[in-house]
Amino acid sequence: MTDARDTIVAIATAPGAGGVGIVRLSGPRARAIAREVCAGKPLRPRLARHVRFVDADGATIDDGIALHFRAPASYTGEDVVELQAHGSRAVLQLLVQRCQALGARGARPGEFSERAFLSGKLDLAQAEAVADLIAAGDATAARAARRALDGEFSRRSDAIAAELLALRVHVEAAIDFADEPLDTLGGGPLRRRLDAAIDALDALLADAERGRKLRDGLHAVIVGPPNVGKSSLLNALAGSDRAIVTDIAGTTRDLLRETIRIDGVELTLVDTAGLRESGDVIEREGMRRARAELASADLALVVLDARAPDAGRAELQAAVAGVPTPLWLLNKSDLVEDAAPAAAAGLPVSARTGAGLDQLHERLRALWQGQAADAAGGAFTARGRHVDALRRAATELLAARQALATESLDLAAEALRAGHDALGEITGRVAPDDLLGHIFSSFCIGK
Ligand code: GDP
Ligand code: ZN
């Protein structure tokens, strides 16, 4: 497989000037190309060599260090050469151009990591952790990405997958003895092992959900009756004019997403159509989607009008019942004489004057820190697709348990297979090509 690959090149260091900049080559011709660039000096594996980098006509581009990592002991599993020059964008670009003239191809985003995956150096969850580590916004996220890169997530998911494989074999074998009751075929231990796998999967799912939060930030949803100032609050928090603010009740029918950063924490705000009973089909659709958003929210900002703090409260209470942290806000506090009496019912704020927004930021920060502390202990970063795969696997395992209870062995085998495949998506054992393309194209070039 390696032989069919070409040799790729890219700048591996971040854009902008720096003390040192690195151009990375990977592929079967990496060493030969590097030797040309290094004025004919041969490179020995793992030996840093001070060299002159030269152009086609022998003119010096720069001097620096060349480092050769021989396949398979390299990041990509292929022959890799790093050319470390002065960190000037112009110099690094000249080096890349020279490598291209010598037959290397400019790497696509994430192509080095993709090759590491294809060479079996990293599984898919680990390759994703590389990108997460690079993008980590703070030490907690960096440590969690590091644990995922070290394979903590992959190991736990693979252990469950291995157990499911054993259970599949057991069930498939039992299908061949369809006349016998399952209990004479080891049905008891089979059920117990499936229960244990379900428990392990639930625990992994809980950790992956925390890891997802650590990576993606909190998912906050703004809800409330029409015209209480949800869009205005979104604008005030986001500091932009993305949401359309109007005086006509129920105009924000669609969902409007806005991702903002508060103290390095990402908050996705989704403005929703007012949650209220309505005969209007479009608005009802908006409310249906609002409820769907709430189902996956970490946090809801529930907005009421400070002048009528009880209007719509009961209905909203029901709507956010499943959300871990509803934060009740009383907007338009500038329109009431004294906001203090109402404070028990929510935090008085004003999108118009900005009153209370500092306290709102403070609450959000405290909530985030609580979540981050929760996520920090032994967790790893995870992505939405991991959580999704684990949820699907969990659903299948419950179906398998149900099927075993009624001795529907074919159904049980099918559910176990589907659950096993869902887990395989995490490490890439079962990975459709378009999934791979999607994952690696979101990396930066040179990684
Ligand atoms: P939404 O339907 O809940 O999204 O409400 P909007 O954000 O569209 O606001 C409805 C109306 O209330 C607009 O005329 C806003 O200018 C006004 N409004 C929003 N927030 C405040 C506020 O804090 N104070 C006052 N006085 N008016 C506000
Ligand atoms: Zn609105």
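If you look the chain up in an unreviewed UniProt entry, it shows as tRNA modification GTPase MnmE from Luteimonas notoginsengisoli. Its UniProt record, at the heading Subunit (unreviewed entry), says of the chain: "Homodimer. Heterotetramer of two MnmE and two MnmG subunits." Among the UniProt annotations of the chain, the heading Subcellular location (unreviewed entry) holds the following wording: "Cytoplasm".

A.B. asks: I tried to follow the pattern of salt bridges on my own but got confused; where do I start?
C.D. replies: Once their charged atoms are close, side chains differing in charge can pair, the charge on each being opposite to the other. Scanning the model with the defined rule gives 23 salt bridges in all. Between Arg417 and Asp421 there is a salt bridge, with its nearest N and O atoms 2.8 Å apart. Of this pair, Arg417 and Asp421 both sit in helix 13 (residues 409–427), four residues apart, which is roughly one turn of that helix. Residue classification places Asp421 among the partly exposed residues on the basis of a relative accessible area of 24%. Connected via shared salt-bridge partners are Arg5, Asp6, Glu78, Arg105, Arg108, Glu111, Glu114 and Arg115.

A.B. asks: When you look at the sheet that holds strand 1 (residues 8–11) in this model, what are you seeing that I'm missing?
C.D. replies: Two orientations exist for strands paired in a sheet by backbone hydrogen bonds: parallel and antiparallel. Overall, mixed pairing links the six strands, which are arranged 3-4-5-2-1-6 in an open sheet. In this open sheet, the two edge strands, each paired with only one partner strand, are strand 3 (49–54) and strand 6 (105–106). Looking at chain direction, strand 4 (residues 60–69) and strand 5 (residues 80–87) are connected through five bridges and run antiparallel. Pairing of Phe69 across the sheet is with Val80, part of strand 5. Sheet contacts for helix 2 (residues 89–101): strand 1, strand 2 (18–26), strand 3, strand 4, strand 5 and strand 6; angle to strand 1, the most-contacted strand, approximately 175°. With respect to the sheet, helix 3 (residues 111–118) is in contact with strand 1, strand 2 and strand 6, its orientation differing from that of strand 1 by roughly 135°.

A.B. asks: I keep staring at the side chain of Lys332 and nothing clicks. Help me out?
C.D. replies: Inspection of the secondary structure puts Lys332 in the loop between strand 11 (325–331) and strand 12 (347–348). Within the local environment of Lys332, its side chain forms a polar contact with the backbone oxygen of Asn227, the two atoms lying 2.8 Å apart. Once residues within four sequence positions are removed from consideration, Lys332 is found in contact with Asn227, Val228, Gly229, Asp305, Ala306, Arg307, Val349 and Ser350.

A.B. asks: What's the story with the packing of aromatic side chains in this structure? I'm lost.
C.D. replies: A ring pair, where both rings are aromatic, is described by two values, the distance of the centres and the angle of the planes. Considering all chains together, one arrives at two aromatic pairs under this definition. Between the aromatic rings of Phe117 and Phe440, the centroid separation amounts to 6.2 Å while the plane-to-plane angle is 40°, which identifies the pairing as tilted. Here the residue Phe117 occupies a position in helix 3, and Phe440 occupies one in helix 14 (residues 433–441), the gap between them amounting to 323 residues. Judged on exposure class, the residue Phe117 and its partner Phe440 are both buried. Relative to Phe380, the ring of Phe153 has its centre 4.5 Å away and its plane inclined at 10°; by these criteria the two rings are stacked. Of this pair, Phe153 sits in helix 6 (residues 152–175) while Phe380 sits in the loop between helix 11 (357–376) and helix 12 (384–405); the two residues are 227 residues apart in sequence, bridging distant segments of the chain. Look at Phe153 and you get buried, because its relative accessible area is 1%.

A.B. asks: Looking at this model, I keep getting lost on helix 12. Mind explaining?
C.D. replies: An α-helical turn contains 3.6 residues, so any two residues separated by three or four positions project in the same direction. Under the 1.5 Å per step criterion, the end-to-end length of helix 12 is 32 Å for 22 residues, consistent within 8% with the ideal 32 Å. When we look at burial in helix 12, the residues that qualify are Arg385, His386, Val387, Ala389, Leu390, Ala393, Ala394, Leu397, Ala400, Ala403 and Leu404.

A.B. asks: Honestly, the pairing of strand 11 in this entry has me stumped. Any pointers?
C.D. replies: The element strand 11 is largely enclosed, with a buried count of six among its seven residues. Of the pairings in the sheet, the one linking strand 10 (residues 299–305) to strand 11 comprises seven bridges and is parallel in character. Note on strand 11: the bridge partner recorded for Leu299 is Thr325. Taking the sense of rotation as the criterion, the β-α-β connection linking strand 10, helix 10 (residues 313–319) and strand 11 turns out right-handed. Where strand 11 meets strand 12, two bridges bridge the pair, whose relative direction is parallel. When the sheet's bridge partners are listed, Leu329 is paired in strand 12 with Leu347.

A.B. asks: What am I meant to see in the pairing of strand 3 here?
C.D. replies: Sheet faces and side chains relate simply in a regular strand, where the side chains alternate between the two faces. In terms of strand pairing, strand 3 meets strand 4 through six bridges, oriented antiparallel. Among the inter-strand pairings, Val54 is bridged to a residue of strand 4, identified as Thr60. Following strand 3, the chain reverses through five residues before pairing antiparallel with strand 4; Gly58 in that reversal takes a positive phi of roughly 85°.

A.B. asks: How do you make sense of the environment of Leu167 when you look at a structure like this?
C.D. replies: Along the chain, Leu167 falls in helix 6. Between the alpha carbons of Leu167 and Arg417 there is a distance of 9.6 Å; along the sequence they are 250 residues apart. In contact with Leu167, not counting residues within four places along its chain, are Leu190, Arg193, Leu194 and Leu416.

A.B. asks: I would appreciate a short explanation of the state of the cysteines in the present structure.
C.D. replies: Here a disulfide denotes a covalent bond joining the sulfur atom of one cysteine to the sulfur atom of another. On inspection of all chains with the given rule, the structure shows zero disulfides. Cys38 carries a free sulfur, and the closest cysteine sulfur to it, the one in Cys99, is 8.5 Å from it.

A.B. asks: How do you make sense of the nonpolar core when you look at a structure like this?
C.D. replies: Nonpolar side chains in soluble globular proteins tend to end up buried together. Among the nonpolar cores identified, the biggest contains 51 residues, and Phe153, Leu390 and Leu423 are the most heavily contacted of them. Listing elements by their share of this core, those giving two or more residues are helix 3, helix 4 (124–135), helix 5 (139–149), helix 6, helix 7 (187–216), helix 12, helix 13 and helix 14. Looking at this core element by element, the count peaks at nine residues for helix 12. The residues contacting Leu423, other than those within four sequence positions of it, are Ser157, Ile160, Ala161, Leu164, Leu201, Leu390, Ala393 and Arg429. Counting 24 residues, the second largest nonpolar core, distinct from the first, contains Phe53, Leu83, Leu92 and Ala104.

A.B. asks: I'm lost on unusual backbone geometry in this one. Help?
C.D. replies: The general pattern is negative phi for most residues beyond glycine and trans for most peptide bonds. With an omega of 0°, the peptide bond between Ala71 and Pro72 qualifies as cis. Positive phi is not limited to glycine here, since Arg46 has a value of about 60°. Its relative accessible area of 53% is what places Arg46 among the exposed residues. Of note in this structure, Asn227 is not a glycine but carries a positive phi near 75°.

What counts, and at which threshold
- Residues numbered from 1 in each chain as written.
- Chains lettered and ligands numbered in written order.
- Predicted model: local features only at pLDDT ≥ 70, side-chain atom pairs only at ≥ 80, totals over all residues.
- Heavy atoms only, no water.
- UniProt positions renumbered as here; feature names shortened; annotations may be inferred.
- Salt bridge = Lys/Arg side-chain N within 4 Å of Asp/Glu carboxyl O.
- Helix = DSSP H or I, 4+ residues; strand = E, 2+ residues; numbered from the N terminus.
- Buried < 20%, exposed > 50% of the residue type's maximum accessible area, 1.4 Å probe, protein only.
- Pairing = 2+ DSSP bridges.
- Contact = heavy atoms within 4.5 Å.
- Axes fitted to C-alpha atoms, helices over the stretch in contact; angles between N-to-C directions.
- Polar contact = N/O pair within 3.5 Å; in protein donor to acceptor, adjacent residues only side chain to side chain.
- Phe/Tyr/Trp six-rings, centres within 6.5 Å; stacked < 30°, edge-to-face > 60°.
- Expected span 1.5 Å × (residues − 1).
- Right-handed = clockwise from strand over helix to strand, strands pointing away.
- Disulfide = S-S within 2.5 Å.
- Core = buried A, V, L, I, M, F, W, Y, C linked by side-chain atoms within 4.5 Å.

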